[in-house]
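Listed below, chain by chain, are the residues.
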Amino acid sequence: MTDNILEMRSITKKFPGVIALDDVTLTVKRGEIHAICGENGAGKSTLMKVLSGVHPHGTYSGEIVYDGAEAHFNSINDSERQGIVIIHQELALSPYLSIAENIFLGNERRGSARLIDWNRTNAEAAELMRRVGLDENPTTPVGVIGVGKQQLVEIAKALSKSVRLLILDEPTAALNDNDSEHLLGLLRMLKAEGVTSIMISHKLGELIDIADSITVIRDGHTIETMADRDATQDRLIRDMVGRDLSQRYPSREHNIGAEVMRVQDWTVYHPTQPGRVMIDHVNLNVHAGEVVGIAGLMGAGRTELAMSLFGRSYGSQISGHVYIRGEEVRLDTVWEAINHKVAYVSEDRKRYGLNLLADIKTNISSAGLKRLESPGIGWVNENQEMRVAEEYRAALNIKAPSVSMGVSKLSGGNQQKVVLGKWLYTEPDILILDEPTRGIDVGAKYEIYTLINDMVARGKAVIVISSELPEIMGISDRIYTLSFGAITGEVPIEHATAENLMELMTTEKETVK
Amino acid sequence: MSLTQELDHKVSVTPSLGRYLLDSAQKNGILLAFAVVVIVFSVLQPMFLSPSNLTNLVLQYAYVLILALGMLMVIVLAQIDLSVGSVIALTGAVAAVVCVRGGAPWWAGVLAAIGVGLLVGLWQGFWVAIVGIPGFIVSLGGMLIFRGLAQLLLDYKSLSPFGGVYYDISNGFLNGVLGGSGFDLFTIIIFAIAVVGFAVSQWRSRMAQVKYGQKVAPLPAFIARIVVVAVLAMAFAWQISQNRGMPIILIILAVFILIYGMVMGRTGFGRHIYAIGGNILAAQLSGVKVKWVTFWTFVNMGFLAAVAGIVYSARMNGAQPAAGNGFELDAIAACFIGGASTTGGIGRIGGAVIGGLIMAVISNGMQLMGVSQGVQPVVKGLILTIAVAFDLWNRRRSVTVA
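Bear in mind the structure is a predicted one, so any value in this text is a computation, not a measurement.

1. Describing the overall build of chain B
- Of regular secondary structure, chain B possesses 17 helices and two strands.
- For chain B, whose C-alpha radius of gyration is 22 Å, the value lies close to the compact-globule estimate of 21 Å for 402 residues.
- Along the three orthogonal principal directions, the C-alpha set of chain B runs to about 70 × 60 × 45 Å.
- Each of the 402 residues in chain B was classed as buried or not, and the buried ones make up 48%.
- Long-range contacts, defined as pairs at least 24 residues apart, comprise 79% of the intrachain contacts of chain B with a sequence gap of at least 6.

Quick look at the structure:
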C-alpha cells in the first residue's frame, strides 16, 4: 500500500465545446490536509465533482485510485459509501429540522419496526457534536443557529458517515474569524484522528496556515503541488493568475472633494425583536472622491447599517438624519434612494442582487430601467438595452459569450460584475459596496478594486464594507470601525494598522442607549 | 460555471441555418406540440378543420384565452388566482341583473360587470399586496365569497336571455360588410392587413437589431417564418370566411392578446413582474415597487375575469349560478402548458395563448369525436402533466448543454 489515500491521474473532463479539466493530476497523502486553490472557474469544483461521483465514471477520462484500488464512482452515494464526503459552500441543511435530524438525514437511526429511535438519534448526535465542539441542544432547529455552527453540523454529519476523506469547498468563506479559527482547529483535530481533508479556499493566508500541501489549478490544468513549507502568498497568487501581481491593490491619486453624504444619529431597531438596538447613534460622512471603509466583525451591524440607509430596507423604528450635499433627504424607499443617486451592492449577490432566471442584460438594466423606458406607457427600448449591456460587459470585463446568457451560468466573479454593472447603470454618486469581493478570485478582485478607483477618480463617493482587514486597508482613505452597532473609531488610512483596527472592532461601547 | 470563461473562445457565434432551425425548434417546443395536436385531430376527424368547427372553436374557448392572459401575469409574479371561475359567475350575474332583470342597455351591463371585476381585483390586491397574504389563500377565500355572491344575486336560478348586442359580443359576426361570393371578403381583408402588419413589424424590428449590431436570424429563415405564419393565417381566414364571417369575439381577443403581449414583453411594468417573480428580494432592492406591481396585477386579473365573465355569459346568453366552475384550472393549465414556471419569473403571453389553444383544440377535438365525458378530463390531465414534465426535461437538458 502506498501512503497516498487518493491519486487522480490525467483526469480530463469535457463539456460540449469546452474542456473543463485537461490532464489534471492530484495526489493526496493519507492523513494530510491538502488545499486546492485557483481562480473561480479554474476547474476546482469540477474536479471535486469527478471525485465524488457527481460526474459519474465514464463521463471523464483518466483514473482515480482511492485507497489503493481504482474507483468507479457512479453517484455521490457510491463515494460516500467509501468514506468520501463533500461539504459544499452552500450548506445542504434543512432549516426546520433539528441538529440531530440533520446529522442523520438519509441515514436515520432506527429502532424496532424501522421507526426512528429518537433517544439513540439525539444521544449519538450529542456525541458527534461534542467531537466537533458544537455546544447546542441536539433538538435545536438548524435554522436558528449561525452559519459557523451550521458548518459544524455538516462536519458532524460527515463524521456520522465514518468519513475518511473530507472535502470542504470554501468552508470559511461565510465565517467570521472566531468561527474560522474553530473550524480550522477542528480540521487539525480530525487530522490527528486520521481523517484526510481536501480544502478549497480563496483565503490564502489561512490556507498556508493549515495545509500540509497545496495544489494550484488554473484553466483546467494542474500548475503545481507544493509542500506547505515552500508556499508563500506571492507564489500562490502567481500560480493562480499566471502572472505577477506586483500589488494586490491598484494605486490611485487621492483627490478628496466636498462632503457628499452625512449620516447623523442613525439608530435602528431589530425588525422583529422589539427593543433590540441594532445600530446605535451612528455618525459618519463621505466625501467626493473618497473611499470610506467600514470595518466590523460578523454581527457588528455592517449590513444592517447599509441596508437601513438604503431605502430603509432593514430594521424598524429608524431615527436619525441623512444629508446629501448638505440638504436633509428622506430615503424611505429604495426608489427614493436610487433617485438620490445612492446605490447599494449587497453582500449576498444571489439572494439580494440577481434575478438568476434572467440573462445578463436584463439584470444590468433592472435597477436603472427607467433610463430605457419611453415617457408615458414605458416601452423598454430593448435594442438600447442590448447596447448598454454590451458596454458594461466590455467595461467590466464580464466573461460571457453573450449578454443574453443567463446569469446563473456565470462564475461568482462575473456575477458580481453584473451586479456592479446594474448599479453603475443607475449612475450613482454614492456607492455602498457590501463585501464586494466575497467569494471571488484574485484576478476579479483586482478588477473590482480598479473599478472602485475609477469611480472615485470621477468624483463619486464610495463606502466599502469588508471583513477582510487587508482589503479595507488596501483600498480605503479613511476607516470607521463598527462594533455592536456603534461606531467605535474613525481612523485615517495613515494611522491604520491591523492591530489598532481589530482593537476598535472588538471594543464594546460602554453607554449603549 | 467553470466553463464560461472558455466559452468565449471556443464556441462559434454565427448560427448556420440548420443550427438556427434546431435552436428555434428547441425554443418553440410548445408550437410544435400545438401543431402535432392540430394534425392529430384533423387526421382523426376531418370535420375538425371545417369552416363551421373552426368558427365554433373561437367562439367556445375565447374566455379561457382571456383568463390565461391575466393568469400568466399572476403566475409569473409567483402568485396564483383561484377565484377567477367564481368571478366569471359573479360578473355574468351582475350583467344579467342589470340587463335582463333591470332592462338596461347592453353597455350598462358591460360596465357594471367590469366595475365589479375591478372591485374584486382591488379587494384581492389589497390582501395580497398590502397585507401580504399569499394569493393562494386570498383567492381561495375569494372563490367561495364570489361564488356565494353570484348565487345570492341570481337567487340560485339562471337568468336569461340577454339577446341583442350583448349576445352578439360572443355570437355575432361582421359578415358581408364588403361582399364576396361564397366567402366573406371583409374577413379576408382584415386577416390580410394583420399579416402585412405582422410582416412589417418583424421587418422593422429586424432592421433595428441590425442597426444596433445584433445577431439576427438568417434571412431565409426569417422570410420562411413570415411566409408560414401568413399561409396559416390566410388558410384559417379562408376557412372561417366561408362560414359566418369574422367573429366579433375574435377581434376583441386579438386586441387583448396584442395589448397584453406588449405589456409583458415590452414595458417596464412587465419587466417588473418578471423581476419580482425571479427574485423578489433583488427586485425590492433594485427599486421595484413590489407592493404596487403586485396590487395592479391582481386588479388587472379582476378586470380580465370580468371580461371573461361578459364573454362567457354572452356566449351562454344568460347567467347561471354555477357558471365558470373550474375555469380557473383551465387558465392555470394553459399557462403551465405554455411554459410558465410554477415558481414564478418565467412565462410568456404567447406561450399562455398557445397553451390555451392546445386545451381548446383537445376539448373540441374530443367532443367532435364523441369521446365520452369521463375520458375527456383524463386526457386533459395527462396532457398537462406530460407537458410540464417535457418542459422540465427540456430545460434541464439545455442547462447541461450550456
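Here the narrative resumes, following the displayed structure.
2. Side note on the overall build of chain A
- Helix and strand counts for chain A stand at 17 helices and 20 strands.
- The C-alpha atoms of chain A give a radius of gyration of 24 Å, which matches the 24 Å a tight globule of 513 residues would have.
- By its C-alpha atoms, chain A is 75 × 50 × 50 Å across when sized along the principal axes.
- Counting across all 513 residues of chain A, residues that qualify as buried make up 54%.

3. Observations concerning unusual backbone geometry
- Each neighbour pair has its own omega, and for Ser160 of chain B with Pro161 of chain B the value is -5°, a cis peptide bond.
- As for its position among the elements, Pro161 of chain B is in the loop between α7 (135-154) and α8 (164-171).
- Of note, the phi angle at Asp219 of chain A is positive, near 50°, even though the residue is not glycine.
- As for its position among the elements, Asp219 of chain A is in the loop between β9 (213-218) and β10 (221-227).
- The phi torsion at Asp155 of chain B lies on the positive side, around 55°, for a residue other than glycine.

4. A few points about the interface of chain B and chain A
- Chain B puts 37 residues into the contact, and the matching count from chain A is 52 residues.
- Roughly 3,800 Å² of surface becomes buried between chain B and chain A when both sides are summed, with 57% attributable to carbon and sulfur atoms.
- Considering only the side of chain B, the residues that lose the most area to chain A are Tyr212, Arg271 and Leu285 of chain B, jointly responsible for 19% of the buried surface there.
- Summed over the shared surface of chain B and chain A, the result is two salt bridges.
- A salt bridge links Glu385 of chain A to Arg271 of chain B, with the nearest nitrogen and oxygen atoms 2.7 Å apart.
- If you look at where chain B meets chain A, you find seven residue pairs in polar contact (both at pLDDT 80 or more).
- Secondary structure elements with two or more residues in the side of chain B that touches chain A: α1 (4-10), α9 (185-211), α11 (248-266), α12 (268-278) and α13 (280-285) of chain B.

5. Observations regarding empty space enclosed by the protein
- Counting across every chain of the model gives three cavities of 30 Å³ or more.
- Approximately 170 Å³ is the volume attributed to the largest cavity.
- Taken together, 19 residues line the largest cavity, and the ones lying closest to its centre are Asn355, Thr362 and Ser366 of chain A together with Arg271 and Ala275 of chain B.
- Mapped onto the lining of the largest cavity, the elements with two or more residues apiece are α12 (360-365) of chain A together with α12 and α13 of chain B.
- When residues in the lining of the largest cavity are grouped by element, the largest group, four residues, is from α12 of chain B.

6. Things to note about the environment of Asp230 of chain A
- Structurally, Asp230 of chain A can be placed in the loop between β10 and α8 (233-241).
- Note on Asp230 of chain A: relative accessible area 40%, which makes it partly exposed.

7. Thoughts on the sheet that holds strand β8 (residues 196-200) of chain A
Residues and elements named next belong to chain A.
- One open sheet holds the six strands; their spatial order is β6-β7-β8-β3-β9-β10, and the pairing between them is mixed. Each edge of the open sheet carries a strand with a single partner, namely β6 (84-87) and β10. For this sheet the average axis-to-axis angle between neighbouring strands, irrespective of direction, equals 15°.
- Across five bridges, the pairing between strand β7 (residues 165-169) and β8 is parallel. Across the sheet, the residue bridging to Leu168 is Met199, located in β8.
- Against the sheet, helix α5 (residues 147-160) contacts β6 and β7, and its axis sits at roughly 170° relative to β6.

8. Some remarks on the packing of aromatic side chains
Residue and element names in this part refer to chain B.
- Tallying each qualifying case throughout the model produces 20 aromatic pairs over all chains.
- On the numbers, 6.0 Å between centres and 55° between planes, the contact of Phe191 with Phe236 is tilted. One end of the pair, Phe191, is in helix α9; the other, Phe236, is in helix α10 (residues 219-241), with 45 residues separating them in the sequence.
- The exposure class assigned to Phe236 is partly exposed, which follows from its relative accessible area of 24%.
- Measuring from centroid to centroid gives 5.9 Å for Trp203 and Phe222, while their planes differ by 55°, and the two rings are tilted. With Trp203 in helix α9 and Phe222 in helix α10, this pair connects stretches of sequence that are 19 residues apart.

9. Examining the side chain of Asp330 of chain B
- Secondary-structure assignment places Asp330 of chain B in helix α15 (residues 327-337).
- Residues within four places of Asp330 of chain B in sequence aside, it is in contact with Tyr63, Val64, Met359 and Lys380 of chain B.

10. With respect to the environment of Ala35 of chain A
Residues and elements named next belong to chain A.
- Tracing the chain through its elements places Ala35 in strand β3 (residues 33-37).
- When its relative accessible area of 2% is taken as the criterion, Ala35 is described as buried.
- C-alpha separation for the pair Ala35 and Met226, spaced 191 residues apart in sequence, amounts to 9.9 Å.
- Apart from residues no more than four positions distant in its own chain, Ala35 is found in contact with Met199, Leu207, Ala211, Ser213, Ile214 and Thr215.

11. Structural notes on the nonpolar core
- Ranked by size, the top nonpolar core spans 91 residues in total, and within it Leu67, Met71, Leu72, Ile75, Met264 and Val361 of chain B carry the most contacts.
- At 19 residues, the largest contribution of residues to this core is made by helix α4 (residues 51-76) of chain B.

12. Regarding the pattern of salt bridges
Residues and elements named next belong to chain A.
- The final tally for this structure, using the stated rule, is 34 salt bridges over all chains.
- Note that Arg438 is salt-bridged to Glu435, the shortest N-O span being 3.9 Å.
- Given a relative accessible area of 5%, Glu435 falls into the buried group.
- Shared partners join several salt bridges into a network, and the residues in it are Arg302, Glu347, Glu435 and Arg438.

Reading the values: rules and limits
- Residues numbered from 1 in each chain as written.
- Chains lettered and ligands numbered in written order.
- Predicted model: local features only at pLDDT ≥ 70, side-chain atom pairs only at ≥ 80, totals over all residues.
- Heavy atoms only, no water.
- Helix = DSSP H or I, 4+ residues; strand = E, 2+ residues; numbered from the N terminus.
- Rg over C-alpha atoms; globule rule 2.2 N^0.38 Å.
- Buried < 20%, exposed > 50% of the residue type's maximum accessible area, 1.4 Å probe, protein only.
- Contact = heavy atoms within 4.5 Å.
- Buried area = accessible area lost by both parts, 1.4 Å probe.
- Salt bridge = Lys/Arg side-chain N within 4 Å of Asp/Glu carboxyl O.
- Polar contact = N/O pair within 3.5 Å; in protein donor to acceptor, adjacent residues only side chain to side chain.
- 1 Å grid on protein atoms, 1.4 Å probe; cavity = no way out; pocket = protein on both sides within 12 Å on 5 of 7 lines; lining within 4 Å.
- Points joined across faces, edges and corners; volume = space filled by probe spheres on them.
- Pairing = 2+ DSSP bridges.
- Axes fitted to C-alpha atoms, helices over the stretch in contact; angles between N-to-C directions.
- Phe/Tyr/Trp six-rings, centres within 6.5 Å; stacked < 30°, edge-to-face > 60°.
- Core = buried A, V, L, I, M, F, W, Y, C linked by side-chain atoms within 4.5 Å.

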